[in-house]
Amino acid sequence: MSGLQGVGLLLLWGSACLWLPGLTRGALVISGDHEALQETRGAAKSLQKRSTAEATVEVFSVKVDCTVMSRFAHTVMTSRALNKANSSQEIFFEVDLPKTAFIVNFSMEIDGEMYVGEVKEKEKAKKQYEKAVSSGQTAGLVKASGRKMEKFSVSVNIAAESNVTFILTYEELLQRKLGQYEILTRVKPKQPVQEFQIVANIYEPQGISYVDAHATFLSNELLPLVEKTVSDNKAHISFSPTMEEQRTCPGCDGTLIDGDFVIKYDVKRANSLGDVQIVNGYFVHFFAPPDLPRVPKNVAFVIDRSGSMSGIKMEQTRQALLTILLELHEEDHFALIQFDDQILSWKESLTKATKEIVAEGMDYVRNIVVRGVTDINGAVLRAVDMLVKDRQEKKLPERSVDMIILLTDGMPNSGESNLKKIQENVHSAIGGNMSLFCLGFGNHVDYSFLDVMSKQNKGVARRIFEGSDAVLQLQGFFQEVASPLLSEVDLRYPDNAVDSLTTNHYTQLYNGSEIVVAGRLTDNDLMDNFMVEVFGQGFEQDFTVKGQTRALDWDVMYPNEDYIFGDFTERLWAYLTIQQLLEKSKSGAPDEKANATAKALDMSLHYSFVTPLTSMVVTKPDTEDGPDSPLIADKLTEEQRQAAERVSHRYASRLYSPPMYYHPATPTYLVDGDPHFMIELPDREDALCFNINDKPGTIFNLVRDPTQGILVNGQIIGDKKIAPDGKVNTYFCRFGIVHRTLGVRLEVSTQDISVFQDGKRVKLLWSDTASVKGPNVDLLLTKDRSLTVTLKDSVKFVILLHKVWAKHPYHRDYLGFYTLDSHLLSPSVHGLLGQFYHGVEYEVSDLRPGEVPEKPDATMHVKGQELNVTRGWQRDFRRDVKSGENVPCWFVHSNGTGLIDGEATDYVVSGLFKTV
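What comes next is a walk through the structure. (Residues numbered from 1 in each chain as written. Predicted model: local features only at pLDDT ≥ 70, side-chain atom pairs only at ≥ 80, totals over all residues. Heavy atoms only, no water.)

1. Quick look at empty space enclosed by the protein
As a reminder of what qualifies: Detection works on a 1 Å grid of protein atoms alone, calling trapped sets that fit a 1.4 Å probe cavities and calling open sets with protein on both sides within 12 Å along at least five of seven lines pockets, with lining residues defined by an atom within 4 Å of a point. Grid points are joined across faces, edges and corners, and a volume is the space filled by probe spheres set on the points. Helix numbers and strand numbers start at the N terminus; a helix is a DSSP run of H or I with at least 4 residues, a strand a run of E with at least 2. Following the grouping adopted for this structure description, the nonpolar residues are Ala, Val, Leu, Ile, Met, Phe, Trp, Tyr, Cys and Pro, the charged ones are Asp, Glu, Lys and Arg, and the polar ones are all others, Gly among them.
If you walk through the whole model with that rule in mind, you get three cavities of 30 Å³ or more. In terms of lining residues, the largest cavity is bounded by 13 residues, among which Leu 321, Ile 324, Ile 405, Leu 439 and Leu 474 are the most central. Every element with two or more residues in the lining of the largest cavity is listed here: β20 (297-304), α4 (312-326), β24 (401-408) and α9 (470-481). Tallying contributions element by element places α4 first for the lining of the largest cavity, with four residues. Here the residues of the lining of the largest cavity sort into 12 nonpolar, one polar and no charged. Of the volumes computed, that of the second largest cavity is approximately 90 Å³. Together, 15 residues line the second largest cavity, and Cys 66, Thr 75, Ile 183, Leu 184 and Thr 185 are the ones closest to its centre.

2. Quick notes on helix α5 (residues 355-366)
Defined as follows: One less than the number of residues in a helix, times 1.5 Å, gives the span that helix is expected to have. Relative accessibility under 20% of the residue-type maximum defines a buried residue, over 50% an exposed one, and the middle range a partly exposed one, all with a 1.4 Å probe and only protein chains included. This arc is built from the directions going out from the helix axis to the C-beta atoms. The contact rule is simple, with two residues in contact once any of their heavy atoms fall within 4.5 Å.
Between its terminal C-alpha atoms α5 stretches 17 Å, which fits the 16 Å expected from 12 residues at 1.5 Å a residue. Residues of α5 that are buried: Ile 357, Val 358, Gly 361, Met 362, Tyr 364 and Val 365. Along the axis of α5, the buried positions cluster into a sector of 160°, meaning they face one direction only. Turned more than 90 degrees from where α5 packs its buried face, Lys 355 and Glu 356 sit exposed. Buried-residue contacts for α5 involve α4, β21 (333-339), β22 (343-345) and β23 (351-352).

3. Remarks on the nonpolar core
Quick note on the threshold: For our purposes a nonpolar core is just a set of buried Ala, Val, Leu, Ile, Met, Phe, Trp, Tyr and Cys residues, chained together by side-chain atoms within 4.5 Å.
By size, the foremost hydrophobic cluster in this structure holds 62 residues, and its most contacted members are Phe 106, Phe 152, Phe 239 and Phe 261. For this core, the leading source of residues is strand β3 (residues 57-69), giving six residues. Counting 56 residues, the second-largest nonpolar core is a separate cluster that includes Phe 690, Leu 801, Val 840 and Val 892.

4. Observations regarding the environment of Phe 568
Structurally, Phe 568 can be placed in helix α11 (residues 568-584). Residue Phe 568 is classed as buried on the basis of its relative accessible area of 1%. For the pair Phe 568 and Asn 280, spaced 288 residues apart in sequence, the C-alpha separation works out to 9.1 Å. Every residue in contact with Phe 568, bar those within four places of it in the chain, is listed here: Met 69, Ser 70, Phe 72, Gln 277, Val 279 and Trp 554.

5. Comments concerning the packing of aromatic side chains
Filter applied, for reference: Any two rings among Phe, Tyr and Trp, with Trp reduced to its six-membered ring, count as a pair given centres within 6.5 Å; such a pair is stacked if its planes are under 30 degrees apart, edge-to-face if over 60, and tilted if neither. For a ring to carry a charge above it, either NZ of a lysine or CZ of an arginine must fall within 6 Å of the ring centroid while also lying within 35 degrees of the normal to the ring plane.
On inspection of all chains with the given rule, the structure shows 30 aromatic pairs. When the centroid spacing of 6.4 Å and the interplanar angle of 25° are considered together, the rings of Tyr 607 and Phe 609 count as stacked. Owing to a relative accessible area of 10%, Tyr 607 belongs among the buried residues under this scheme. When its relative accessible area of 0% is taken as the criterion, Phe 609 is described as buried. Residue placement shows Arg 745 over the ring face of Phe 913; its charged tip is 4.6 Å from the ring centre. Taking the ring centre of Trp 873 as reference, the NZ or CZ of Lys 855 above it sits at 5.8 Å.

As structure tokens, this is what we get:
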């Protein structure tokens with residue numbers, strides 16, 4: 001029996017999930033006071049009646065155990081499940097892990113027998129992969145999952161009355177950014193779990209300065225369950241809610257735990273030499289000295305203004321630049337260069353960032369206009385020439401740092417367009433005298449080209465994802481490089497005592513970052529007398545520090561601990577070495593790239609790291625039909641992630657999108673038209689949509705939040721008469737909005753608006769333009785167009801009026817309903833729209849031709865089910881109430897079945913202000 005057939009449920013946890021076929025759908029989420037609870041029980045029972053058979057697979061244990069030893073994180077994710085059915089079940093196990101991590105082990109224990117993944121050279125594993133694909137198996141286990149994560153998934157057939165334990169282990173070196181380290185765990189149980197636990201133990205011999213733990217889903221009730229114990233050099237964080245504490249309300253199947261669990265911390269930095277730790281023949285040196293003055297910077301901003309930057313991209317770029325310019329220090333110098341096929345400089349040389357000059361620069365940024373094509377080569381060379389010329393003419397401080405920040409969203413198609421030639425030109429012009437940072441905006445830029453060009457010139461590349469937070473991404477990157485502290489940093493160790501050093505020369509040290517060097521000792525006699533020297537160029541003088549360090553006595557520092565991660569320095573050294581070798585394999589001479597690749601492969605196999613050069617082969621248990629095909633876990637490169645995003649967004653953004661299309665800045669939930677429901681998700685640059693068809697006069701519950709006492713119902717109306725084609729069109733004609741806590745009730749129809757509060761009624765006509773402000777509700781009425789309802793300290797609703805020619809033979813006036821600021825509602829919110837207010841997890845795969853050429857079909861995995869969906873578009877009328885703007889979306893057929901909880905009829909209520 002395949003778990004992909006029929007109904008299933010994804011049990012996501014601690015960035016992991018189990019997918020169980022045939023599991024019941026969750027009942028309506030209920031929460032809040034006793035009165036609200038009584039009113040919503042009927043609807044909950046209605047949904048429960050629609051459930052399938054009782055759960056036949058029990059997940060009874062889910063654990064995330066993270067141990068951090070001196071920034072090196074070792075995470076083990078474990079889940080146990082029992083098949084209680086009298087037949088076999090297919091169970092899917094999924095984990096979201098940081099894209100910077102390497103998988104080191106995956107195993108399955110089934111009825112006492114262990115199945116362990118094996119790391120192999122990718123080319124050898126590829127043969128098994130191709131065999132698995134040719135046999136019809138889904139062989140790839142790893143795919144991109146958002147910006148920071150990647151998803152590992154595997155399925156296994158479990159016999160009746162058998163249990164399975166999944167164990168996944170991964171490791172990574174935590175990077176210090178903006179003065180802190182971050183441990184991110186994605187937590188999505190989807191239902192309460194009997195034994196749920198997240199535990200993190202942080203060991204930092206250098207001393208811990210602070211630790212913060214928070215989660216996107218933490219309510220006032222869950223917050224006390226995060227336990228944190230911090231001593232001088234150890235921190236313990238745990239989160240272990242009981243099943244009842246996980247529930248959205250007593251007896252409910254829903255869970256409050258849905259989002260990211262994040263731990264942030266930093267260490268003490270009293271020693272300017274940094275911290276050196278020696279364990280088992282390997283050492284690691286962490287260098288980030290305190291209280292260094294910042295070095296002035298000279299930065300040339302090179303901004304792509306070609307046609308592809310039009311619209312929201314350029315608006316976000318302007319907004320980010322305006323903030324960045326304000327953050328410049330007066331000792332800094334800057335230049336602004338905009339380019340398409342022409343290159344325009346604001347001034348002929350860099351200018352000191354005085355308040356007056358910065359204000360002039362901001363005016364210049366506000367007037368950047370999009371046009372033309374893309375000459376990256378000429379624009380970057382213009383910036384190099386400007387910096388070189390100003391250096392020669394001594395216009396810049398002698399002790400200052402030169403950098404170029406390039407922002408582009410496309411491919412060079414004007415001037416020099418050969419990518420390799422551009423890289424050679426830029427490398428030759430820079431000559432090692434400045435840093436180049438490349439920011440690639442969106443999915444159509446060649447990230448690999450920018451990445452290599454940056455690394456060749458002492459910089460880094462960063463992808464800027466299209467979305468509502470693109471401004472924050474740009475600002476965040478600039479903050480990382482805004483305050484140089486040292487340049488040309490050399491970290492030196494005894495020549496006769498170490499070998500296999502990782503990179504020990506760094507062009508810059510920025511405030512809030514950290515330099516990490518690791519190596520192998522060849523003379524263990526020097527472990528107690530290990531000389532370290534650091535040299536660098538500071539603001540006013542050279543930086544020099546030297547000193548001796550010795551191996552720590554771990555038993556003394558952690559006397560009550562068992563053996564913990566004793567080979568961490570060796571594995572940290574291996575992780576860092578492999579990462580740096582992979583970078584070297586992208587640039588340099590052919591023989592250097594080949595040598596770096598060969599060494600990285602050898603070390604990946606030796607230390608069982610799944611890297612871009614290796615794969616983990618997972619052998620599955622035999623089935624009744626014989627041996628099952630092995631599955632392959634790969635490590636995605638950033639180029640592969642980008643390619644996958646291009647495929648997933650191809651139909652949304654370029655090939656099948658009408659020209660009038662925009663993404664809202666925040667998620668929007670709406671119903672408009674015949675009636676078309678749509679969930680716009682700007683973070684994913686995507687949307688979901690479905691229709692609800694029923695007889696005219698039916699009243700549906702759209703939003704119900706029993707905790708806050710908010711209720712929204714809508715009634716549909718039909719055409720004046722059935723059209724010649726026989727189609728019955730229905731639309732929303734009336735909405736009832738209630739806020740019991742505030743004592744407010746509104747009734748909105750196509751004729752008028754009535755507001756009831758404190759026994760009084762206020763009536764407004766759509767022919768009015770009015771603004772009504774009350775203690776609990778504000779109304780903004782735009783004549784014959786829209787009504788905005790803002791509830792005090794809560795959600796905002798927008799209702800649009802669609803006026804139809806009075807003599808139209810079939811159609812009549814109707815309303816559209818839009819929800820804004822939905823994040824202000826409680827986790828217990830539900831309804832046809834409300835159930836999506838706190839997000840919906842889904843994946844789309846297997847794109848294929850549909851019935852209509854411009855509307856392809858695909859497979860959507862959502863709420864444990866596999867749905868056939870179609871790429872189309874619906875209209876958002878907020879900006880243009882007459883014609884609307886097309887928004888591409890994945891259309892879920894059959895009244896949203898599989899996407900909504902239960903069925904559409906479960907949301908039918910008996911009155912405009914009723915809950916049942």
